[in-house]
Each structure stands twice: as C-alpha cells, then as structure tokens.
Protein chains: 2
Amino acid sequence: MADHGLRERKKQATRLLISNVATGLFIERGFEEVTVAEIAEAAGVSKMTVFNYFPRKEDLFLDRHADRLEELTTVIRTRPAGVSACEALRRHQHGLLSSGHPLSGAIAGGPGFWWVLTSSPALTARWYEQEREIAAAFAEVLTEETGEAFRSRMVAGLLTTAITTIFAHAMGRIVAGDEAEVVRREQAAVIDEAFDLVERGVGDFPG
Amino acid sequence: MADHGLRERKKQATRLLISNVATGLFIERGFEEVTVAEIAEAAGVSKMTVFNYFPRKEDLFLDRHADRLEELTTVIRTRPAGVSACEALRRHQHGLLSSGHPLSGAIAGGPGFWWVLTSSPALTARWYEQEREIAAAFAEVLTEETGEAFRSRMVAGLLTTAITTIFAHAMGRIVAGDEAEVVRREQAAVIDEAFDLVERGVGDFPG
DNA sequence: GCGAAACTTTTACCGAGTCAAACTTTGAGC
DNA sequence: GCTCAAAGTTTGACTCGGTAAAAGTTTCGC
C-alpha cells in the first residue's frame, strides 16, 4: 500500500486542491471574509471534507507549519559537532535568506500572503501558536541532549523569539510597503543582530 | 459624573459579579464545559450583557491582563537610573515571588486556576496572546527610550520570554502536583537562571 | 467480482459572537 | 418631583466555525 495507491494520490490531490482554492480566496478577499462553506463549494467538495483535511480554518492558510517544524528541529538535531544550536540556527536563517525562501520573511513574491496573515487576528494568533510549538519542540530536543529541562526550555524560547522577531520584522516592512529588494539586502544584518543578542546577552540595554 | 455615579458603581458591580460567577463555574467544571449562556443565567443577566463587558469568552477568565500589562511596563518605565530593564524585571519577579503574588506562578491558593488554564487550548492561546501584547508594550517603551526599533523589539521579546517561561515552569510543576511550598522555595533560583540567560546570553549551550 | 475498509456526503446539531430594535434605568435640568 | 435624553440591558434572530452520526460511494485485498 502506502503512497502509491490511487487512494493516496487522490487524497493528496484533494488536499492540495482545497488548500489552493482556499489560499486563493483568502488572498483575494481576506481571511475573515471567506467562509469555510464557500471554500468547500468552490473546491467542489463538502464542508465536512474540508474539516477532514484541515482541522481548523486557520490551517487552510498556515499549512506549511509541519514542514517548517521538522526542518528547524532537524537543523538543531543534525548540526555539526562543536556548533551550538544558536549558531546552527543563525546559519540556517542566513541560508534561507540567500536562497530567497519565503520563510526568511523577505520575498518578492507575495505581499498578499503577509497582508492576509496580518489582517486577521485569528490567523496571527494561530501563527504565534505555531511558534510556541516550535519552541516546545526545541525544548524537547535540547532537553534530550543536555538533561537540563528548565535551561533548555529557556534557550528554546530565546531562539524561537529570535526567529520570530527576525521574521516579523521583515514581514512588517513588506506589509508597510518597503521595497522587497531593500528589505532583503538589509536582512542579513538583522539576523546577526538578533542572534548576537541571544548568544551574548542583552547586557544592560537600555543602560 | 465620573466614577461616583450610581451608574458607574452598578456597572463595576455587574462586571465583577459576572467575572466571579464565571470563574467559579470554570474552576468547578472546566472552561470548555461551561457555556456563556449558562454563565449569563447564573449571573442573572442576559448573554448579550456578558459580551458587553467581556468581548471574548476567554476574557472572563483572564481579566487581570490589563493590570498586569500596566504593572510590567511601569516597572520598566520607572526603574531607577542606572538599572537596566532586565535587572528591573528580575527584581520585580523576585518581589512578586516573595510577596506570594499569584502571577509569580507559585502560590498555594489555587491549582484550580492553573488547571483551568492548561486544560483549555483556547484559553492557553489567549494567554499567550496576552504575552505578545506585553512584548509589544515593552518594545514600545524601549523604542521610545532608545530609538532603536529592532533591537528594542528583540530585547522586549527576550524579556517576555523569560517572564513567560519562569511562569510556565512554576505552573507546570503546580499542575503536575508538586508541593506549592517546594516550588516556591526553588523558584528564586529559576528566576535568576532565566534572567542570567537573557542578560549574559546563552553562549554555546548546548556545546 | 465480493466484501471490508476508507473516504465523502448529508443532516442535524451546538456554542461563540454579532446586530438591530425594543425596553428599562439613571442622571440632569427645570 | 417630572421629563427627556442618554446609557445600559434584553430579546430574538442570525452567521459561522466546528462536531457527530449515519448513510452513501469508492478503492483495495483477496
């Protein structure tokens, strides 16, 4: 069985169809202005089926979360010996940026995406909930490695804060209308500033 | 007019009544198991009135947020000269702990409260949303003071992470059934560990 | 091809939250 | 005190997200 049956292919196709239809409608009209029933109809499927694939309406839009979570924990778990989690993530962020990956927060492609995200409280809430899941996953990895539960949790939180803030900063600029290319050019320094703060501490800022 | 009219007193009384009735029911049976209609009836008021005072159901339980936000920003804003925001908050947390304040996360009074909070996803989500509001408020204060927007935002995020993690740690132990007195005794070290990480950095943890 | 398992649809339902219109209470001025 | 306007409350109807159960429909193993 597995991933080659007709069944499985159809499922993936349906899932993708629903997700695409939904995303299209959201970008066109905004998250709150589109109902699940509408999405279902537009995708030629029943409302119940939509919820079969996506437990919450928000997940229709934020469906890359699982991949992102997996990717980020892998970065920490499989980092080279002698490299700290902080350093590994710093490099990863630089990598995302220079490859123009959407999650670096500085892509040309779609202010539409960021607009949808920022203009819906429910969606932003879910976004930040996903950030917390990332922090929890980090904490688990670090605790496994070191056995120090509280310290791991703290470090996980701080690292996640860096990632989130870096992202939010870029997103904010894009939404505010800044030129994507400019944002992108300046983003490397932002990444370093954030990770420097986590790695070396805030000191006595602001004096 | 102002805060001495009968009108205003009645409003405050109604608000308090609704909040108390709601909290009581939540602690008794859990957040999801109580409907707003039920709360309204128990408080002898209409459902609409409940929503008049508390825009979301979650706010019925987490109604101390405004005070907490105010208190925390004041701590930063009015800290003595030569004391960093980080240090001021560290001291504040120690103060909360030694005065047995609920928000220190280590009180004897009510595992009920923490149980309600942790057992409802909607409630925890709202809780963390409030943490983000705190981070945003911190960022605003720090930006006003220093003019460095991104750095302020990062530091605000890191400080908030410390507060949140300290709190979550204590709450987790209480909910898990640890003796409140023990948690309380060990909490001072937790506070210092958290703020040390923020102030001096995570370094190369975990090697 | 047959039967079981998986997927979808239908239908009915619940609870949060909104809206508008009617109704009641309070406060101010005379 | 009485009256009028404003503030607050209630009612009832409605929308939408989400769940549950049962009845189809499609795919798969044999």
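Residues numbered from 1 in each chain as written. Chains lettered and ligands numbered in written order. Predicted model: local features only at pLDDT ≥ 70, side-chain atom pairs only at ≥ 80, totals over all residues.

Asks: When you look at the overall build of chain A in this model, what are you seeing that I'm missing?
Replies: Regarding its fold elements, chain A presents 9 helices and 0 strands. Traced from its N-terminal end to its C-terminal end, chain A shows the element sequence α-α-α-α-α-α-α-α-α. Its C-alpha atoms give chain A principal-axis dimensions of about 55 × 45 × 30 Å. Expressed as a percentage of the 207 residues in chain A, the buried residues total 34%. Here the contacts in chain A between residues at least 6 apart in sequence split such that 61% fall between residues at least 24 apart. (Helix = DSSP H or I, 4+ residues; strand = E, 2+ residues; numbered from the N terminus. Buried ≥ 20, exposed ≤ 12 C-beta atoms within 10 Å, placed from the backbone. Contact = placed C-beta atoms within 7 Å.)

Asks: Help me out: how do you make sense of the environment of Arg184 of chain A in this one?
Replies: Position of Arg184 of chain A among the secondary structure elements: in helix 9 (residues 180-200). Taking the C-alpha atoms as reference points, Arg184 of chain A and Thr14 of chain A, 170 residues apart in sequence, are found 35 Å from one another.

Asks: How do you make sense of the nonpolar core when you look at a structure like this?
Replies: In summary, soluble globular proteins display a tendency toward joint burial of nonpolar side chains. Formed by 63 residues in total, the largest nonpolar core has its most connected members in Leu159 of chain A together with Leu159 of chain B. Those elements giving two or more residues to this core turn out to be helix 5 (85-98), helix 7 (121-146), helix 8 (149-175) and helix 9 of chain A together with helix 5 (85-98), helix 7 (121-146), helix 8 (149-176) and helix 9 (180-200) of chain B. Those residues in contact with Leu159 of chain A that sit more than four places away from it in its chain are Ala85, Cys86, Leu89, Phe138 and Val198 of chain A. (Core = buried A, V, L, I, M, F, W, Y, C linked by C-beta atoms within 7 Å.)

Asks: Just checking my understanding: could you explain the interface of chain B and chain A for this structure?
Replies: It is common to give the size of an interface as the accessible area lost on bringing the parts into contact. Contact residues are listed per partner, giving 34 residues for chain B and 34 residues for chain A. Of all elements in the fold, only helix 5, helix 7, helix 8 and helix 9 of chain B reach the threshold of two or more residues within the side of chain B that touches chain A. Element by element, the count of residues in the side of chain B that touches chain A is highest for helix 8 of chain B, at 10 residues. Per-class residue counts for the side of chain B that touches chain A are 16 nonpolar, 9 polar and 9 charged. (Nonpolar A, V, L, I, M, F, W, Y, C, P; charged D, E, K, R; others polar.)

Asks: Help me out: how do you make sense of the relation of the copies chain B and chain A in this one?
Replies: Relating one copy of the chain to the other requires a rotation about an axis plus a shift along that axis. Under the fitted operation, chain B is carried onto chain A by 0.0 Å of movement along the axis and a turn of 180°, and the coordinates agree to an RMSD of 0.1 Å. The transformation just described matches what one would write down for a two-fold rotation axis. Among all residues of chain B, the minimum C-alpha distance to the rotation axis is found for Gly201 of chain B, at 1.7 Å. Comparing interface residues between copies, 100% of those in chain B also sit at the interface in chain A, which points to an isologous, same-surface contact. (Least-squares fit on C-alpha atoms with pLDDT ≥ 70 in both.)

Asks: Hey, could you run me through unusual backbone geometry in this one?
Replies: With glycine set apart, most residues show a phi of negative sign, and most peptide bonds adopt trans. Residue Pro206 of chain A is reached from Phe205 of chain A by a cis peptide bond, and omega for that bond is -5°. In this fold, Pro206 of chain A is placed in the segment after helix 9.

Asks: Explain the packing of helix 7 of chain B against helix 8 of chain B to me, please; I cannot follow it from the model alone.
Replies: The description of two helices packed together rests on the angle between their axes and the distance between the axes. All names here are of chain B. Viewed as axis vectors pointing N to C, helix 7 and helix 8 meet at an angle of 140°, and their least axial separation amounts to 8 Å. Here helix 7 is positioned oblique relative to helix 8, judged by the angle of their axes. Two packed elements cross with a definite hand, and for helix 7 against helix 8 that hand is right-handed. Residues Glu131, Ile134, Ala135, Phe138, Ala139, Leu142, Thr143 and Thr146 of helix 7 form the contact with helix 8, whose own contacting residues are Ala149, Ser152, Arg153, Val155, Ala156, Gly157, Leu159, Thr160 and Thr164. Looking at the contact of helix 7 with helix 8, its residues break down into 9 nonpolar, 6 polar and 2 charged. (Axes fitted to C-alpha atoms, helices over the stretch in contact; angles between N-to-C directions. Parallel < 35°, antiparallel > 145°, perpendicular 65-115°, else oblique. Left-handed = near helix turned anticlockwise from the far one by under 90°.)

Asks: Honestly, the environment of Lys10 of chain A in this entry has me stumped. Any pointers?
Replies: Residues and elements named next belong to chain A. Assignment of secondary structure puts Lys10 in helix 1 (residues 6-29). The class for Lys10 is exposed, based on 10 C-beta atoms found within 10 Å. Linking Lys10 and Arg90, residues 80 residues apart in sequence, is a C-alpha distance of 39 Å.

Asks: I'm lost on the packing of helix 8 of chain A against helix 9 of chain B in this one. Help?
Replies: Helix 9 of chain B packs onto helix 8 of chain A with a crossing angle of 35° between their chain directions and a minimal axis gap of 10 Å. Regarding helix 8 of chain A and helix 9 of chain B, the two cross each other, and that crossing is right-handed. Taken together, the residues of helix 9 of chain B that come into contact with helix 8 of chain A (itself represented by Phe150, Arg151, Met154, Val155 and Leu158 of chain A) are Val190, Glu193, Ala194 and Leu197 of chain B. Of the residues that constitute the contact of helix 8 of chain A with helix 9 of chain B, the class distribution is 7 nonpolar, no polar and 2 charged.

Asks: Help me understand helix 9 of chain A, please; the structure alone is not making it clear to me.
Replies: Given 3.6 residues to a turn, an α-helix orients residues that are three or four positions apart in the same direction. For helix 9 of chain A, which comprises 21 residues, the first-to-last C-alpha distance of 30 Å matches the rise-based estimate of 30 Å (1.5 Å per residue) to within 8%. Its axis deflected by about 40° at Gln187 of chain A, helix 9 of chain A carries its strongest bend there. Taken together, the buried residues of helix 9 of chain A touch helix 5 and helix 8 of chain A together with helix 8 of chain B. Downstream of helix 9 of chain A by one or two residues, Gly201 of chain A has phi in the positive range, about 90°. (Expected span 1.5 Å × (residues − 1). Bend = angle between axes of the 7 residues up to and from the residue.)

By themselves, these are just geometric observations and shouldn't be taken as functional.
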